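Coordinate inspection notes
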Amino acid sequence: MNFGTIGGGTVAQAIAGHLVAAGHKVVLSNSRGPDTLLDVVTRLGPLASAATVEEAAAADVVFLAVRWPQVGDALAGLPAWDGRILVDTTNNLGSTLPALADPGVETASEFVASRAPGAHVVKAFNTLYAKFIAADPRHPQGRQLLFYAGDDAVAKAAFHEVADEIGFAPVDAGTLREGGRLMQIGGPLSALHALKQD
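Residues numbered from 1 in each chain as written. Predicted model: local features only at pLDDT ≥ 70, side-chain atom pairs only at ≥ 80, totals over all residues. Heavy atoms only, no water.

**Here we look at the pairing of strand β5 (residues 85-88)**
Here β5 shows a buried face lined by Ile85 and Val87 and a second buried face lined by Leu86 and Asp88. Relative to β5, strand β4 (residues 61-64) runs parallel, the two sharing four bridges. Bridge pairing in β5 places Leu64 opposite Asp88. Pairing of β5 with strand β6 (residues 120-124), which is carried by four bridges, proceeds in the parallel orientation. Along β6, the bridge assignment pairs Val87 with Val122. (Buried < 20%, exposed > 50% of the residue type's maximum accessible area, 1.4 Å probe, protein only. Helix = DSSP H or I, 4+ residues; strand = E, 2+ residues; numbered from the N terminus. Pairing = 2+ DSSP bridges.)

**A short note on the pairing of strand β2 (residues 26-29)**
Sheet topology note: the strand β1 (residues 3-6)/β2 ladder contains four bridges and is parallel. Residue pairing for β2: Thr5 is matched across the bridge by Leu28. Taking the sense of rotation as the criterion, the β-α-β connection linking β1, helix α1 (residues 10-21) and β2 turns out right-handed. Here β2 pairs with strand β3 (residues 48-50) via three bridges, running parallel. (Right-handed = clockwise from strand over helix to strand, strands pointing away.)

**Let's talk about the packing of aromatic side chains**
Within this structure, the stated rule accounts for six aromatic pairs. With a centroid separation of 6.2 Å and an interplanar angle of 85°, the aromatic rings of Phe125 and Phe159 are classed as edge-to-face. Of this pair, Phe125 sits in the loop between β6 and α7 (130-134) while Phe159 sits in helix α8 (residues 153-165), and the two are 34 residues apart along the sequence. Here the two residues Phe125 and Phe159 agree in accessibility, since each one is buried. Ring geometry for Phe125 against Phe168: centres 5.6 Å apart, planes inclined by 85°, an arrangement best described as edge-to-face. Here Phe125, found in the loop between β6 and α7, pairs with Phe168, found in the loop between α8 and β9 (169-172); they are 43 residues apart in sequence, far enough to count as distant. The exposure classification of Phe125 matches that of Phe168, with both residues buried. (Phe/Tyr/Trp six-rings, centres within 6.5 Å; stacked < 30°, edge-to-face > 60°.)

**Digging into the pattern of salt bridges**
Opposite charge on two side chains lets them pair, provided their charged atoms get close. Applying the stated rule across the entire model yields six salt bridges. Between Asp88 and Lys123 there is a salt bridge, with the nearest N and O atoms lying 3.0 Å from each other. Highlighted residues: Asp88 in strand β5 and Lys123 in strand β6, separated in sequence by 35 residues. Ionic pairing is found between Asp164 and Arg143, a salt bridge with its closest N-O pair at 2.8 Å. Of this pair, Asp164 sits in helix α8 while Arg143 is found in strand β8 (residues 142-150), placing the two residues 21 residues apart along the sequence. (Salt bridge = Lys/Arg side-chain N within 4 Å of Asp/Glu carboxyl O.)

**Thoughts on the environment of Val154**
The residue Val154 is located in helix α8 in this model. For the pair formed by Val154 and Ile85, sequence separation is 69 residues and the distance between their alpha carbons is 9.8 Å.

**Points about the nonpolar core**
The biggest cluster of nonpolar side chains holds 31 residues, and the ones touching the most others in it are Leu19, Leu28, Phe63, Phe125 and Phe159. Elements that contribute at least two residues to this core include exactly α1, β2, α2 (38-44), β4, β5, β6, β8 and α8. Not counting the four nearest positions on each side in its chain, Phe159 is found in contact with Phe63, Val87, Val122, Ala124, Phe125, Leu146 and Tyr148. (Core = buried A, V, L, I, M, F, W, Y, C linked by side-chain atoms within 4.5 Å. Contact = heavy atoms within 4.5 Å.)

**A word on the side chain of Thr107**
Structurally, Thr107 can be placed in the loop between α5 (96-101) and α6 (108-115). On the basis of relative accessibility, which here comes to 1%, the residue Thr107 falls in the buried class. Excluding residues within four positions of it along the chain, Thr107 makes contact with Leu176, Arg177, Gly180, Arg181 and Gln184.

The following block contains the structure:
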């Protein structure tokens, strides 16, 4: 399984760091081009590389780690997803309250899924501050909980395995609609920093 990131900022680098430490190859990308990520991939080591968004998005598992206003542009014009996994780490900072109040309003990840037809979208990492994503998820008291949500059971199982491998304690929060609502800003799981006792 190979990994890519759409976005090369703090969250993307944190996730890439965990994947590289576990022995996985990761291709990072951003809207400004691979040359702007050379320092990042040098720091991450030989398992990390930089490429175009299109090349990074061809990975088996792709992490969407851009600011909310950039989501549409970041996903526009990419090759067919064909059932590959898109892990949505974003937070819709502009319109979460209506989504929480009205069950008929799509969640942020449902919006993302509509912009990436054919992708199996898994929502994850958006409940944690970046510093908790970057830190070692293994603590003497236990492992950092990592909530995730999605509509495809196979994709969620694959994500669960990866999250567990890199040290987190993954917890299935449900579908993109119900789980996504719990996880987005204002939801009960948002900014919940907790450890699972091992």
